[in-house]
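# Architecture at a glance
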There are 2 protein chains.
Amino acid sequence: MDYIKNPGNIESRSFEIIQEEINAIRPEYRFRNEIDEMIIKRAIHTTADFEYLDILKISDKAVENIVQALKNKASIYTDTNMALSGINKKVLDKIGCSYTCLISDPRVAELAKKKEITRSMAAVEVAAEEEGEKIFVFGNAPTAVYKAIELHNEGQLNAKAIIGVPVGFVGAADSKEELRKSDIENIVSVGRKGGSNLAAAILNAILYYYFR
Amino acid sequence: MDYIKNPGNIESRSFEIIQEEINAIRPEYRFRNEIDEMIIKRAIHTTADFEYLDILKISDKAVENIVQALKNKASIYTDTNMALSGINKKVLDKIGCSYTCLISDPRVAELAKKKEITRSMAAVEVAAEEEGEKIFVFGNAPTAVYKAIELHNEGQLNAKAIIGVPVGFVGAADSKEELRKSDIENIVSVGRKGGSNLAAAILNAILYYYFR
């Protein structure tokens, strides 16, 4: 069995194939700008799903806000350990940004029980109480998206942007529509599709483009 | 904003919606048996992608072997920390199975450097040297799949089954075809699609059906 064994080669060849496929299936397709292109192509790279050409929506200042927040040593909060696992920590460490998933934090379990809310919601409440600028990265929990919008509307979140791409059949699509309608800068996968892997890939695309 | 906040309700309603959607788009579709149904529906639950109805392939004794290996306290090896993150450790702890991702293991870095192979390949080599029955869960690295087949063919792997669902554009589809052609029991996503999230979801479907 003969196969490419160099990870760098695999990635660059993958992105070439993605462009070739776009040329073939959507010759009229144009990216808005280079960073949008990198984000959407990395979404496709992570999922092998070209639907992201159409369903990944990036609000006008989402990337600008995320980049500025990263420069300000913002904290990254994910809704799942899986999203946290997928994020490139080497780059975040280099630029001095912290990152955490609070879902297993004892404070979160306690708050969720006390208030009878999901742990995903409680995790957003606990995050909101912490200092500093925040970027939320949600790939799983619609309830986290709703809770973040609520706290933002009450002036209690300090989120510079939300990567909001929960996957699923109950609440996911609606929560993302609410996020798009909010005045929080956002990156959203419209409809049911998304996931923790996608959430991490979107942040990574930005990290690689600006900070690597 | 009014939304369902009970995680149990969200999951059971999600599976109802998935069946309703299958009835609508593929009324003729039939699952081979109940566990295949649970695996494929959980794949769809994790990705919101109904293509898994057609591309997820489960070899005849894959589930039987995985269940037996789990009962024998097999070790689970994943190719990424993301796949490891997604696996339900509570159930694995209960049944006494260990689980690990060796990608960041110092032995793996050293071996990869020495042999000029990917760390994903080196991780399979290191795993192969460990005692006991093994289940491999690959969501990312075609090179891991190839290396596992090689070691199996040399009688050095002791893998009871491989969940092999790497996503991607270079090597992923081919590696999965090789796995299907091998005599290792396997669960594979044919073509480019797959991912660490899917890999974890497949194992979880089996854990939930037999061990929860």
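Above this note sits the structure.
The shown structure was predicted, so the numbers you read here are calculated from the model rather than taken from an experiment. (Residues numbered from 1 in each chain as written. Chains lettered and ligands numbered in written order. Predicted model: local features only at pLDDT ≥ 70, side-chain atom pairs only at ≥ 80, totals over all residues. Heavy atoms only, no water.)

Take the overall build of chain A next. Across its full length, chain A carries 11 helices and six strands. Taken over the C-alpha trace, chain A has a radius of gyration of 17 Å; the compact-globule value for 212 residues is 17 Å, and the two agree within 12%. Across its three principal axes, chain A shows a C-alpha extent of roughly 55 × 35 × 35 Å. For chain A, the proportion of its 212 residues judged to be buried stands at 59%. Of the contacts made within chain A by residues no fewer than 6 positions apart, 65% connect residues no fewer than 24 positions apart. (Helix = DSSP H or I, 4+ residues; strand = E, 2+ residues; numbered from the N terminus. Rg over C-alpha atoms; globule rule 2.2 N^0.38 Å. Buried < 20%, exposed > 50% of the residue type's maximum accessible area, 1.4 Å probe, protein only. Contact = heavy atoms within 4.5 Å.)

Looking now at helix α2 (residues 34–47) of chain B. Residue and element names in this part refer to chain B. Here α2 is 14 residues long and its end C-alpha atoms lie 20 Å apart, about the 20 Å a rise of 1.5 Å per residue gives. Most of α2 is tucked away, with 11 of its 14 residues classed as buried. Taken together, the buried positions of α2 are I35, D36, I39, I40, K41, R42, A43, I44, H45, T46 and T47. At its buried positions, α2 is contacted by α1 (7–25), α3 (52–55), β1 (56–58), α4 (62–71), β6 (186–189) and α11 (196–211). The backbone nitrogen of I35 lies 3.3 Å from a side-chain oxygen of the residue at the head of α2, namely N33. (Expected span 1.5 Å × (residues − 1). Polar contact = N/O pair within 3.5 Å; in protein donor to acceptor, adjacent residues only side chain to side chain.)

Taken residue by residue, the interface counts 37 residues in chain B and 37 residues in chain A. Across the chain B/chain A interface, buried area totals approximately 3,300 Å², and carbon plus sulfur atoms make up 73% of it. Taken together, chain B and chain A are joined by two salt bridges. The shortest N-O distance in the salt bridge between R192 of chain B and E21 of chain A comes to 3.4 Å. At the boundary of chain B and chain A, one finds four residue pairs in polar contact (both at pLDDT 80 or more). Mapped by element, the contributors of at least two residues to the side of chain B that touches chain A are α1, α2, α5 (81–86), α9 (142–153) and α11 of chain B. In terms of residues, the side of chain B that touches chain A owes the most to one element, α1 of chain B, which gives seven residues. Grouping the constituent residues of the side of chain B that touches chain A by class yields 18 nonpolar, 10 polar and nine charged. (Buried area = accessible area lost by both parts, 1.4 Å probe. Salt bridge = Lys/Arg side-chain N within 4 Å of Asp/Glu carboxyl O. Nonpolar A, V, L, I, M, F, W, Y, C, P; charged D, E, K, R; others polar.)

A few words now on the environment of Y208 of chain A. Residue and element names in this part refer to chain A. Positionally, Y208 belongs in helix α11 (residues 196–211). In this structure Y208 comes out as buried when scored by relative accessible area, which is 17%. It is 11 Å that separates the C-alpha atoms of Y208 and I87, two residues lying 121 residues apart in sequence. Setting aside residues no more than four positions away along its own chain, Y208 makes contact with R42, N88 and V91. Within polar-contact distance, the side chain of Y208 engages the side chain of N88 at 3.2 Å.

Turning our eyes to something else, we now look at the relation of the copies chain B and chain A. Here chain B sits on chain A after a turn of 180° about the axis and a move of 0.0 Å along it, with an RMSD of 0.0 Å. Read as a symmetry element, the transformation amounts to a two-fold axis. Proximity to the rotation axis, assessed at the C-alpha, singles out M82 of chain B in chain B; its C-alpha lies 2.5 Å from the axis. (Least-squares fit on C-alpha atoms with pLDDT ≥ 70 in both.)

Ranked by internal contacts, the top residues of the largest apolar core, which has 102 residues, are L70 of chain A together with L70 of chain B. Once residues lying within four places of it in the same chain are set aside, the contact partners of L70 of chain B are I76, L92, I95, C97, I135, I206, L207 and F211 of chain B. (Core = buried A, V, L, I, M, F, W, Y, C linked by side-chain atoms within 4.5 Å.)

All right, on to the side chain of T78 of chain B then. Residues and elements named next belong to chain B. As for its position among the elements, T78 is in strand β2 (residues 75–78). A polar contact of 2.9 Å, which involves the side chain of T78, links it to the backbone oxygen of T80. Here T78 is in contact with A83, L84, I87, T100, C101, L102 and V137, once residues within four sequence places are set aside.

This brings us to the sheet that holds strand β3 (residues 98–101) of chain B. All names here are of chain B. Here six strands make up an open sheet; going across it, the order is β1-β6-β5-β4-β2-β3 and the pairing mixed. The open sheet has two edge strands with one neighbour each: β1 and β3. The sheet shows a mean angle of 15° between the axes of neighbouring strands, direction not considered. In this sheet, β6 lies alongside strand β5 (residues 159–164) in parallel orientation, the contact comprising three bridges. Looking at β6, one finds that I162 is bridged to N186. Running over the sheet, α4 touches β1, β2, β4 (134–138), β5 and β6 and is turned about 120° from β5. (Pairing = 2+ DSSP bridges. Axes fitted to C-alpha atoms, helices over the stretch in contact; angles between N-to-C directions.)

With that settled, consider the sheet that holds strand β6 (residues 186–189) of chain A. All names here are of chain A. Taken in spatial order, the six strands line up as β1-β6-β5-β4-β2-β3 in an open sheet, and their pairing is mixed. The open sheet is flanked by β1 (56–58) and β3 (98–101), the only strands paired with a single partner. Neighbour-to-neighbour, the strand axes of this sheet turn through a mean angle of 15°, independent of strand direction. With four bridges joining them, strand β2 (residues 75–78) and β3 adopt parallel strand pairing. Of the residues in β3, the one forming a bridge with S75 is S98. Contacts from helix α2 (residues 34–47) reach β1 and β6, with the element oriented near 155° to β1. Across the sheet, helix α10 (residues 172–181) is in contact with β1, β5 (159–164) and β6; its angle to β6 comes to roughly 150°.

Glancing now at the packing of α1 of chain B against α2 of chain B. All names here are of chain B. Packing of α1 against α2 brings their axes to within 10 Å, and their N-to-C directions diverge by 100°. In terms of their interaxial angle, α1 and α2 are classed as roughly perpendicular. Residues E11, S14, F15, I18, Q19 and I22 of α1 form the contact with α2, whose own contacting residues are E37, M38, K41, R42, I44 and H45. Tallied by class, residues from the contact of α1 with α2 come to five nonpolar, three polar and four charged. (Parallel < 35°, antiparallel > 145°, perpendicular 65-115°, else oblique.)

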